[in-house]
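# Chains, contacts and geometry: an overview
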Amino acid sequence: MNKTVAVNWNEYAEKAVQKEALTQEEALRVLQAPDDELLPLLHAAFQVRKHFFGKKVKLNMILNAKSGLCPEDCGYCSQSIVSTAPVAKYTMLDKDTLLAGAREALNRKAGTYCIVASGRGPTEKELGQVIEAVKEIRETMPLKICACLGILSDEQAQRLKEAGVHRYNHNLNTSRNHYSAITTTHTYDQRVETVDTVKKAGMSPCSGVIVGMGESDEEIVEMAFALRSLDADSIPVNFLNAIPGTPLQNQGRTPAQKALKVLALFRFVCPDKEIRVAGGREVNLRSLQPLSLYAANSLFVGDYLTTPGQEISSDHKMIEDLGFEIELCAL
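Residues numbered from 1 in each chain as written. Predicted model: local features only at pLDDT ≥ 70, side-chain atom pairs only at ≥ 80, totals over all residues. Heavy atoms only, no water.

## Structural notes on the UniProt feature "binding site: [4Fe-4S] cluster" (unreviewed entry) in the protein
Residues given the UniProt feature "binding site: [4Fe-4S] cluster" (unreviewed entry) here are C70, C74 and C77. Tracing the backbone through its elements, the reader meets C70 in the loop between β1 (56–66) and α4 (95–107). Residues in contact with C70, not counting those within four places in the same chain, are Q79, S80, I81, S118, G119 and R120. Mapped onto the fold, C74 is located in the loop between β1 and α4. (UniProt positions renumbered as here; feature names shortened; annotations may be inferred. Helix = DSSP H or I, 4+ residues; strand = E, 2+ residues; numbered from the N terminus. Contact = heavy atoms within 4.5 Å.)

Laid out in structure tokens, this is it:
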């Protein structure tokens, strides 16, 4: 591809506002844009973000409801069976602790509370514990509830929906062809099937990616179009935070300007979807974090599963300084 081709990024914005798909070549140009084009590119992405979401920012909080003890071999994950990282290991938290997490989400001004558990999929006992907590949260707190418990059966998905879970997260993580280089204990197709199961049950599908695991630009484009095709309502864009003790521990960070181009790509390809700057934003975007919200409209606040996040007050100040507004209720 000729990387010197002059691009009118506003034309990309106009297409995205009309929900017209970019071509593969146009999408690749976003990732391969010269760094000098970054501000015009982000301005165009912001036009799309502003059209669909104004200046509101959705905040999400994760609770690591079950840590470690996972039989899967995902190369990026400190909780996997192949990881030697020193992480906390515990079984599913009790109802009171899950409820306390929901109250903390409200304190952080998060509209969405994400209950996340390690493992291939939930046991009957674990599912029951989550359902019991979700029912009480729904009765007592104005929160959108997202669950992330692994692979689900149709029956499990239906029970979560009936309990009041609004959204279910199951990330594609990477491209189809790159998948076996990252995980071998389950397949890309199983991930797609779980997202389809969630949709069939009537829950909002949340599915995203991890950028920086050795994939090509073409594969990043493929990920974006796969999530457009899946019609995921919420798309967390993670940037690998290489954790010592994991197979990907020596993978370098994604440069901040490249990370911003990735976010612009996802905004153009999935224009009316919640694009969330997710895990690894602090170590990859560094001082350019505020610019991410010109393309994305959502953040995780606080800590992630096994890695620390930014101070919540810093995120609130960042949003305020941008002249943006926190969406206090996601319902």
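## Description of the nonpolar core
Counting 95 residues, the largest nonpolar core has Y113, L160, V237, L265, F266 and F268 as its most contacted members. Broken down by element, the residue count for this core peaks at 9 residues, all from helix α9 (residues 256–269). (Core = buried A, V, L, I, M, F, W, Y, C linked by side-chain atoms within 4.5 Å. Buried < 20%, exposed > 50% of the residue type's maximum accessible area, 1.4 Å probe, protein only.)

## Digging into helix α6 (residues 154–163)
Given 3.6 residues per turn, any residue in an α-helix points the same way as the ones three and four places further on. For α6, the full list of buried residues reads Q156, A157, L160 and A163. Viewed end-on, α6 has its buried residues packed into an arc of 125°, placing them on one side of the element. Summarising the contacts, the buried residues of α6 are in contact with α5 (124–140), β4 (167–169) and α7 (188–201). Directly beyond the C-terminal end of α6, a positive phi value near 120° is found at G164. (Arc of directions from axis to C-beta.)

## Some details on the side chain of T197
If you trace the backbone, T197 turns up in helix α7. Exposure remark for T197: the relative accessible area of 10% places this residue in the buried category. Those residues within four positions of T197 in sequence are excluded, and the remaining contacts are L152, S153, D154 and A157.

## A few points about the packing of α6 against α7
Direction vectors running N to C along α6 and α7 enclose 45°, while the axes themselves pass 9 Å from each other. Taken together, the axes of α6 and α7 are oblique relative to one another. Handedness of the α6/α7 crossing: right-handed. Contacts between α6 and α7 involve D154, A157, Q158 and K161 from the former and T197, K200 and A201 from the latter. Residue classes in the contact of α6 with α7 are distributed as 2 nonpolar, 2 polar and 3 charged. (Axes fitted to C-alpha atoms, helices over the stretch in contact; angles between N-to-C directions. Parallel < 35°, antiparallel > 145°, perpendicular 65-115°, else oblique. Left-handed = near helix turned anticlockwise from the far one by under 90°. Nonpolar A, V, L, I, M, F, W, Y, C, P; charged D, E, K, R; others polar.)

## Focus on the pattern of salt bridges
In total, this model carries 21 salt bridges according to the counting rule given. One salt bridge in this structure joins K95 and E132, with 3.7 Å as the shortest N-O distance. Of this pair, K95 sits in helix α4 while E132 sits in helix α5, and the two are 37 residues apart along the sequence. The exposure class assigned to K95 is partly exposed, which follows from its relative accessible area of 27%. Ionic pairing is found between D217 and K258, a salt bridge with its closest N-O pair at 2.8 Å. (Salt bridge = Lys/Arg side-chain N within 4 Å of Asp/Glu carboxyl O.)

## Here's the deal with the UniProt feature "binding site: [2Fe-2S] cluster" (unreviewed entry) in the protein
Residues annotated in UniProt with the feature "binding site: [2Fe-2S] cluster" (unreviewed entry) correspond here to C114, C146, C206 and R276. Spatially, the listed residues are clustered: although they cover 163 residues, their C-alpha atoms lie within 13.9 Å of one another. Position of C114 among the secondary structure elements: in strand β2 (residues 112–117). Exposure remark for C114: the relative accessible area of 6% places this residue in the buried category. Other than its neighbours up to four places away in sequence, C114 contacts N60, M61, I62, L63, C146 and F300. For C146, the location among the structural elements is in strand β3 (residues 144–148). Those residues in contact with C146 that lie beyond four places of it in its chain are T112, Y113, C114, I115, R167, Y168 and N169.

## Points about the pairing of strand β8 (residues 274–277)
Side-chain direction in a regular strand flips from residue to residue, so the side chains alternate between the two faces of the sheet. Burial along β8 is two-sided: E274 and R276 facing one way and I275 and V277 facing the other are all buried. As paired strands, strand β7 (residues 234–239) and β8 are joined by 4 bridges and run parallel to one another. In the sheet register, P236 faces β8, and the bridge partner there is R276. In this region the chain leaves β7, passes through α9 and returns to the parallel neighbour β8; the handedness of that crossover is right-handed. Two strands pair when backbone bridges link them, and β8 and strand β9 (residues 298–300) are joined in this way by 2 bridges, in the parallel orientation. Looking across to β9, one finds that V277 is bridged to L299. (Pairing = 2+ DSSP bridges. Right-handed = clockwise from strand over helix to strand, strands pointing away.)

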